[in-house]
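Here is what each chain is made of, one letter per residue.
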Amino acid sequence: MTYLISDNIVSPLGFSTEENFSAIMRQQSAIKMYNDELNNHIPYCAALMNQDQINEKWNSLSDETAYTRFEKMAILSIQEALNNSNIDPASPDTLFILSTTKGNIELIDPDFPHHFSPDRVYLWKSAQLIGQFFENPHPPIVISSACISGVTALITAKRLLDCDAYKNVIVCGADLISRFVMTGFQSLKGLSDQPCRPYDKEHCGLNLGEGAATIILSNRQVTVTNSIKLIRGSISNDAHHLSAPSRTGEGLYQSIIRTLQHFDIEQLAFINTHGTATVYNDNMEAIAITRAQLQEVPVSSLKGYLGHTLGAAGVIETVLTAHSLVHNKLPGTYGFNTIGTPDPINVVKENSNITQPAALKTASGFGGCNATLLLSK
Amino acid sequence: MIYCKESVEKSDFLNEAYRDLKIEYPKFFKMDALSKLAFLAAEVLLKESILAKNAPNPNTAVILSNSASSIEVDTRFQASMRDFPSPSLFVYTLPNVMIGEICIRHQITGENMVLITESQNSKSLSDIIIAIDQEVEIQHYLIGYVDYTEEKQEALLAWIEKQEKFLTQKEQAEIYSFTINQDYSKKSCKFAHFFFIKLIII
């Protein structure tokens, strides 16, 4: 059995899971309006980290300056998760998995001043430095599967624990919003210039977000009360289109069915979806959820609070899903008012109490990939 | 199998190989270099596979490793930002997109993942394949390493048709040997077909 034994979220809403969870339960969104060089002075909405705050936190942890802001964010998140556990990160029984889409990609921008060597843009290099900070003896595993990276990393951690390869796995997801990423999403016309509205009839694009999150998974239970287990996960591909999801939701549907096999869906308190607020994504998810006969199950998207944090999203949202199960409280979907998907799924608008013990987390991304995982008390 | 081509400009190599292999798939020309390389290697390898074209293959898994992510197209997208940021380049700036292209072509809908590793030889890749096999019902694996940078362009893929419900000890040993020692030349290997493609400019 795989247990979630400690976690952390670093986001514009705070540097701990508690700060993030309570801000979200107070319906506080990190999404703000900007008009600067990050998007060539086209106004945009995003959830961006305050650099001074990162540096301030960093200075209280280490006097090393040889880390990029991406690495600092990941290390701060891992350190905080470790502080709340008794796991030894330097033990050969502990493995690191890093989930990210673009890592230090801003270093290839000729207009971005920095003193780092060119190989720092390689994700394995950045991950090695993060693992070495904690004196871990293994090369970290780096998973870069677009927006399902975080969920994929957690599923992979669980599978490695199941075959006793390690006793503990530290999964960290992190991504920054560079000019590269912002301009790319702008070029695809995927961004909303207003705060995003997942599943709403006014949904018209996503907001990007920055953040990092860590979950420490173990094959040993540490506390008897409130321990959340990762039951199962599954990954699929639409085999349909690189940037547009399947019209029938096939890949996501397949992944949901595989993850929920032999599971009584009456036990599901809610589904935490990808819910990016693009019309394509939201409609596809509604189709897949309806096909899986889960249209009555409460659906919640967290993108209205933290934006789309890319490779960090799966880890951040799984942390918050686990804490919802622990506290029996589900945050409403910020930005949602009236259902806008052709298949009317049960999107929750307001905060609510939950009674059932389990939740499904889903994610979908470019390259046609989908991943889902099941958490339960 | 080793595919070599001499006296070809590096930039033309992939397109030349496409023509040589007599593939008809016009979408090939839209792909970035990493996807082209992965696509071509998979194309040759899967020609002899038992996969039925146009039928969904939910029990086939594609698990690849790569070192430089999508650096070739990342650099080109970054350069395009000076004038007109190209959405058709941006779509390829993720390493798992090469898997997406292979999945579309061969209708593979099963487990899929890209690991970013420092070098070709990676114990993590075999560990993960063997861990997946314990949990998921998989009949075939497409595994290997695909990387494309200015200096080095390499695809090394293996196709595995499983004989039993779980990978046998022998198959696991072969996977370790393939991913860690890069032992692709072993002629006696019966469990899998290997395809190796490497750019050689003379």
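Draft legend 1. Here's a closer look at the overall build of chain A. Check the secondary structure of chain A and you find 10 helices and 15 strands. A compact globule built from 377 residues would reach a C-alpha radius of gyration of about 21 Å, and chain A, at 19 Å, matches this within 12%. A burial count over chain A gives 65% of its 377 residues as buried. Accessible surface, chain A as shown: approximately 13100 Å² in total, 49% of it carbon and sulfur. One finds the centroid of the 26 positive side-chain charges in chain A at a distance of 4 Å from the centroid of its 35 negative side-chain charges.

Draft legend 2. Representation of the sheet that holds strand E7 (residues 208–209) of chain A within the structure. Residue and element names in this part refer to chain A. Read across the sheet, three strands follow the order E2-E3-E7 without closing on themselves; strand pairing throughout is mixed. Each of the sheet's edge strands pairs with one partner strand only, and the pair in question is strand E2 (32–34) and E7. Relative to E7, strand E3 (residues 44–47) is paired through two bridges, and the arrangement is parallel. The partner of alanine 47 across the bridge, within E7, is glycine 209.

Draft legend 3. Representation of the side chain of asparagine 104 of chain A. Residue and element names in this part refer to chain A. Following the sequence through the fold, asparagine 104 ends up in the loop between strand E4 (94–99) and helix H4 (123–133). For asparagine 104, the side chain forms a polar contact with the side chain of serine 126, separated by 3.3 Å. Beyond its immediate stretch of four places on either side in the chain, asparagine 104 contacts Thr68, Phe70, Glu71, Arg120, Val121 and Ser126.

Draft legend 4. Here's a closer look at the environment of alanine 127 of chain A. Residues and elements named next belong to chain A. With respect to the secondary-structure elements, alanine 127 resides in helix H4. Taking relative accessible area as the criterion, alanine 127 reaches 2% and is therefore assigned buried. Linking alanine 127 and phenylalanine 96, residues 31 residues apart in sequence, is a C-alpha distance of 8.6 Å. Among residues more than four places away in sequence, those in contact with alanine 127 are Leu98, Pro140 and Val142.

Draft legend 5. Quick peek at the pairing of strand E1 (residues 2–10) of chain A. Residues and elements named next belong to chain A. Of all nine residues in E1, nine are buried, a share of seventy percent or more. The sheet contact formed by E1 and strand E9 (residues 228–237) spans three bridges and is antiparallel. When the sheet's bridge partners are listed, threonine 2 is paired in E9 with leucine 230. The sheet contact formed by E1 and strand E8 (residues 211–218) spans seven bridges and is antiparallel. Across the sheet, residue leucine 4 finds its bridge partner in E8, namely leucine 217.

What counts, and where the lines are drawn
- Residues numbered from 1 in each chain as written.
- Chains lettered and ligands numbered in written order.
- Predicted model: local features only at pLDDT ≥ 70, side-chain atom pairs only at ≥ 80, totals over all residues.
- Heavy atoms only, no water.
- Helix = DSSP H or I, 4+ residues; strand = E, 2+ residues; numbered from the N terminus.
- Rg over C-alpha atoms; globule rule 2.2 N^0.38 Å.
- Buried < 20%, exposed > 50% of the residue type's maximum accessible area, 1.4 Å probe, protein only.
- Areas by Shrake-Rupley, 256 points an atom, 1.4 Å probe, with all protein chains shown as cover.
- Lys, Arg positive; Asp, Glu negative; His and termini not counted.
- Charge placed at Lys NZ, Arg CZ, Asp CG, Glu CD.
- Pairing = 2+ DSSP bridges.
- Polar contact = N/O pair within 3.5 Å; in protein donor to acceptor, adjacent residues only side chain to side chain.
- Contact = heavy atoms within 4.5 Å.

Everything listed is a geometric property; what it means functionally is a separate question.
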